[in-house]
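# Understanding the architecture of this molecule
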Amino acid sequence: MTQFVLYAHSGWRYVVILATVVAVVMYVIGLVRNRPWGAWDQRIGMALPIVYDVQLLLGLVLWIMATAWLSAPRSAWEHPLTMLVSVGLVHVTWMRVKGAGADRTKFQTALIGILVAGAVMGLGVWRITSG
């Protein structure tokens, strides 16, 4: 069972990366072309937190199943904590986008928030692979 969750977590990361890249590209285009916030912008914005949540859930299940947290050094906590922060940033970003009035503000808020969340996610992945 642990192997299945590990493969699911490892495979789902590509969905997370793809969704993040698609969102960044869409929001950059929307910002540069000064176009109105559309249905696809809304859909990707709603889907991104879900995609991140699935990855977080798979990771937490894997982490608990592997009992990595029982006698792990402090460095073993870095990856889960940075991923929690990344997911939190995506959710806060989406809440702020929903509350924004102007289309340009929505694109700016979404773009900045997703870039920061992606950077935190990248840092968390880098720390687990470099250590």
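Summary of the structure given here. (Residues numbered from 1 in each chain as written. Predicted model: local features only at pLDDT ≥ 70, side-chain atom pairs only at ≥ 80, totals over all residues. Heavy atoms only, no water.)

## Digging into the side chain of Ser86
If you trace the backbone, Ser86 turns up in helix α3 (residues 78–99). Ignoring anything within four residues of it in the chain, the contact list for Ser86 reads Tyr52, Ala117, Val120 and Met121. (Helix = DSSP H or I, 4+ residues; strand = E, 2+ residues; numbered from the N terminus. Contact = heavy atoms within 4.5 Å.)

## Describing helix α2 (residues 39–65)
Taking 1.5 Å per residue as the helical rise, α2 with its 27 residues ought to reach 39 Å, and the 39 Å between its terminal C-alpha atoms agrees with that figure. Every buried residue belonging to α2 is among Asp41, Ile44, Gly45, Leu48, Pro49, Val51, Tyr52, Gln55, Leu56, Gly59, Leu62 and Trp63, and all of these are buried. Elements that come into contact with the buried residues of α2 comprise α1 (2–33), α3 and α4 (103–130). (Expected span 1.5 Å × (residues − 1). Buried < 20%, exposed > 50% of the residue type's maximum accessible area, 1.4 Å probe, protein only.)

## Topic: the packing of aromatic side chains
Inspection of every chain in the model, using the stated rule, returns three aromatic pairs. Note on Trp37 and Phe107: the rings are 5.0 Å apart at their centroids and 55 degrees apart in plane angle, and the pair reads as tilted. A residue pair is termed long-range when its members are at least 10 positions apart, and Trp37 in the loop between α1 and α2 and Phe107 in helix α4 qualify at 70 residues. Each of the two residues, Trp37 as well as Phe107, counts as buried. Within the aromatic cluster, the residues linked to one another by ring pairs are Tyr27, Trp37 and Phe107. The ring of Trp40 carries Arg43 above its face, with NZ or CZ at 4.7 Å from the centroid. (Phe/Tyr/Trp six-rings, centres within 6.5 Å; stacked < 30°, edge-to-face > 60°. Lys NZ or Arg CZ within 6 Å of the ring centre and 35° of its normal.)

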